[in-house]
Amino acid sequence: MEIDNGVVAMVDILSEDFDPTAVVAEPLPPVVTGDSNGDLIGKVAEDLKGRKREIVLGRNVHTTCLEVTEPDANDEFTGDKDAYMAGVLARYRKTLIERTKHHLGYPYNLDFDYGALSQLQHFSINNLGDPFIESNYGVHSRQFEVGVLDWFARLWEIEKNEYWGYITNCGTEGNLHGVLVGREVLPDGILYASRDTHYSIFKAARMYRMECVKVDTLMSGEIDCANFRAKLLANKDKPAIINVNIGTTVKGAVDDLDLVIKTLEECGFNHDRFYIHCDGALFGLMMPFVKLAPKVSFKKPIGSVSVSGHKFVGCPMPCGVQITRLEHINVLSNNVEYLASRDATIMGSRNGHAPIFLWYTLNRKGYKGFQKEVQKCLRNAHYLKDRLRDAGISAMLNELSSTVVFERPQDEEFVRRWQLACQGNIAHVVVMPSVNIDKLDDFLNELVEKRSTWYKDEKVQPPCIAADVGTQNCLCGKHK
Ligand SMILES: Cc1ncc(COP(=O)(O)O)c(C=O)c1O
């Protein structure tokens, strides 16, 4: 072999008994035994029994894992392994049914029927690359993806030839993309986000090493535009990249987009010196149908909007939608010869099944169907808030929201049974289309009954949550 300057390199000659099809004799790697892991497992098991859960940083917990075991030599004849796996799956299915019945705390719509799509399970559908440019990989679902994107573009009022977007893996990916586009358009911009913003925005700031300014929030959880103004004025020399929440994670608060834009303009930021990303992960598909809600529209000076597909829409796998202006996308895209496509997404391979699920639901429900579901959710959320208050339980519901915030239940087992999301002294229920009045009644009756045991002794009192929801919504001993 000749390399530079005619120097000949020594190359190993393959021995005569080299067999290119040979495989390693013993493919099973040995089990790695950790020294202190045994202790830890014991401790966690004890914690689980005692219903205490602890986040152990730097260590992974394996107590509940389903071990992968090597097939026995005669499994193919006995069918033992298949029978074992079928048993595991059947038990898992039962758990899922039970867990679905008692789910209230996360904003997932668990009510759907995608039976018609089971015929597609046998295909490895991958939309790698750009939705609008066909790649060389033919087993894709771009035609569904672009149909879904067009639907959302219409919802958020942007012309087909003016937008770019894609079906993401989740709301977080939409946020990572939105902030990235903002950073590429305004490279020295400061990222502004309210304190109640989802952690994915702060993750983006860390990933992209961006300067990030946290803005205070009002009691409702909305961005405090007076504080925003002060922070903008203190950094007038740098462009602004702003995350606007269309539904915050904990309180379901909707930032006032129009007031954010007005504040920017009044502080002297021209439209080419700010970029707004709207995080509509939670309520992005609900707000357009609520009469009094601030309208998310590309007719306004916004740069991008994202929404999660597995939340209100009700997709059985995590996914999301991200829409931005086409003019911005050229700033961050590269052509990739290997794909014969353009690379403007965050991920490489992309789930090609998700767009089909979204397409199916959008077709079945349509704008009218979603409107009806939004109405039902808001009505049921009011029902829950009113019944909590009637039972003497502190509770708050933002006007445009279906997230009911209330006192954190005292008992961790109850929290886990209903899969409530908690933060400090508060918990919440996010009323999604799968949460009907019967489910809320079951939950309320159980909560009221349990509370009578938790607080039967005068010495233990329900928590005061005035600092989170305001004194008018708090029914603790001091504020009722
Ligand atoms: C406001 C908000 N943004 C972003 C996200 C992240 O969405 P995902 O879980 O789809 O990544 C969430 C999740 O709950 C959220 O509440």
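For every chain, the first residue of its written sequence is number 1, and the numbers climb from 1 along that sequence. Totals for whole chains, interfaces and linings use every residue, but because this is a predicted model, local features are given only for residues with pLDDT of at least 70 and side-chain atom pairs only at 80 or more, for both listing and counting.

J.: Which parts of the structure should I look at to understand the overall build of the protein?
T.: Put simply, DSSP H or I for four residues or longer makes a helix, DSSP E for two residues or longer makes a strand, and each gets a number counted from the N terminus. What the protein contains, in helices and strands, is 13 helices and 13 strands. By principal-axis analysis of the C-alpha atoms, the protein measures approximately 90 × 60 × 45 Å. Between the buried cut of 20 or more and the exposed cut of 12 or fewer other C-beta atoms within 10 Å of a residue's own C-beta lies the partly exposed class, and all C-beta atoms are placed from the backbone. Across the 480 residues that make up the protein, the buried fraction comes to 38%. Considering only contacts within the protein whose residues lie at least 6 apart along the sequence, 69% involve residues at least 24 apart. C-beta atoms are placed from the backbone for every residue, and two residues are taken to be in contact when these atoms lie within 7 Å.

J.: Looking at this model, I keep getting lost on the sheet that holds strand β13 (residues 426-430). Mind explaining?
T.: To summarise the sheet geometry, strands pair through backbone hydrogen bonds and adopt either a parallel or an antiparallel arrangement. Pairing between strands requires that DSSP locate at least two bridges from one strand to the other. As summarised here, the arrangement of the four strands in space is β10-β11-β13-β12, forming an open sheet in which the pairing is antiparallel. In the strand order of this sheet, the two ends are held by β10 (395-397) and β12 (421-423), each with one partner. When strand polarity is set aside, the average angle formed by the axes of neighbouring strands in this sheet is 25°. In this sheet, β13 lies alongside strand β11 (residues 403-407) in antiparallel orientation, the contact comprising five bridges. Within β13, the position partnered with V404 by the bridge is V429. Axis geometry follows a simple rule: fit a line to the C-alpha atoms, using only the stretch in contact for helices, then measure angles between N-to-C directions, giving values from 0 to 180 degrees. The strands touched by helix α10 (residues 353-390) are β10, β11 and β13; relative to β10, the strand with the most contacts, the crossing angle is about 160°.

J.: Got a minute to help me understand the site of the ligand in this structure?
T.: Each residue gets a C-beta atom placed from its backbone. Should that atom fall within 6 Å of a molecule or strand, the residue is termed near it. Close contacts around the ligand come from 16 residues, with C170, G171, T172, H198 and A281 the closest. Here the shell around the ligand takes three residues from helix α5 (residues 171-185), the largest share from any one element. Each residue receives one of three labels: charged for Asp, Glu, Lys and Arg, nonpolar for Ala, Val, Leu, Ile, Met, Phe, Trp, Tyr, Cys and Pro, and polar for the others, Gly being one of them. Split by residue class, the shell around the ligand holds four nonpolar, 11 polar and one charged.

J.: Explain the UniProt feature "modified residue: N6-(pyridoxal phosphate)lysine" (unreviewed entry) in the protein to me, please; I cannot follow it from the model alone.
T.: UniProt positions are given in the numbering used here, feature names are shortened, and annotations may be inferred rather than shown by experiment. The UniProt feature table records "modified residue: N6-(pyridoxal phosphate)lysine" (unreviewed entry) at K311. Following the sequence through the fold, K311 ends up in the loop between β6 (304-308) and β7 (320-325). Setting aside residues up to four positions removed in sequence, K311 forms contacts with P107, Y108, N109, A281 and L282.

J.: I tried to follow the sheet that holds strand β1 (residues 163-168) on my own but got confused; where do I start?
T.: With mixed pairing, seven strands are arranged side by side in an open sheet as β1-β7-β6-β5-β4-β2-β3. Unpaired on one side and paired on the other, β1 and β3 (212-215) mark the two borders of the sheet. In this sheet, neighbouring strand axes are inclined to one another by 15° on average, regardless of whether the strands run parallel or antiparallel. Of the strand pairs in this sheet, strand β4 (residues 240-245) and strand β5 (residues 274-279) are connected by six bridges, and their pairing is parallel. Directly across from A240, in β5, lies its bridge partner F274. In the packing of α5 onto the sheet, contacts are made with β1, β2 (190-194), β4, β5, β6 and β7, and the angle to β6 comes to roughly 170°. Along the sheet, helix α6 (residues 199-207) makes contact with β2, β3, β4 and β5, crossing β2 at roughly 160°.

J.: Got a minute to help me understand the nonpolar core in this structure?
T.: In globular proteins that are soluble, nonpolar side chains generally tend to be buried together. By our criterion, buried Ala, Val, Leu, Ile, Met, Phe, Trp, Tyr and Cys residues that link up through C-beta atoms within 7 Å make up a nonpolar core. Core analysis: the biggest nonpolar cluster contains 101 residues, and V148, W156, V260, I323, L358, V404 and V431 have the highest contact counts within it. In terms of residues, this core owes the most to one element, α10, which gives 12 residues. Excluding its chain neighbours within four sequence positions, the residues that come into contact with V148 are I167, V321, P355, L358, W359 and L362.

J.: Looking at this model, I keep getting lost on α10. Mind explaining?
T.: It helps to recall that an α-helix has 3.6 residues per turn; residues three or four apart then point in one direction. To estimate the expected span of a helix, count its residues, drop one, and scale the result by 1.5 Å. Here α10 spans only 45 Å end to end across 38 residues, well under the 56 Å set by a 1.5 Å rise per residue. The bend reported for a residue corresponds to the angle between axes fitted to the seven residues ending at that residue and the seven starting there. At G366, α10 is bent by approximately 80°, the largest bend along its length. In the stretch just after α10, G392 is the one whose phi turns positive, near 80°.

J.: Quick question: what am I supposed to make of helix α8 (residues 257-266) here?
T.: Within the sequence span of α8, burial applies to L257, V260, I261, T263 and L264. Looking straight down α8, one finds its buried side chains confined to an arc of 160°; they lie on one side. Of the exposed residues in α8, the ones pointing more than 90 degrees away from its buried face are D258 and E266. Just past α8, the residue G268 takes up positive phi, approximately 90°. Summarising the geometry, the arc corresponds to the directions from the helix axis toward the C-beta atoms.

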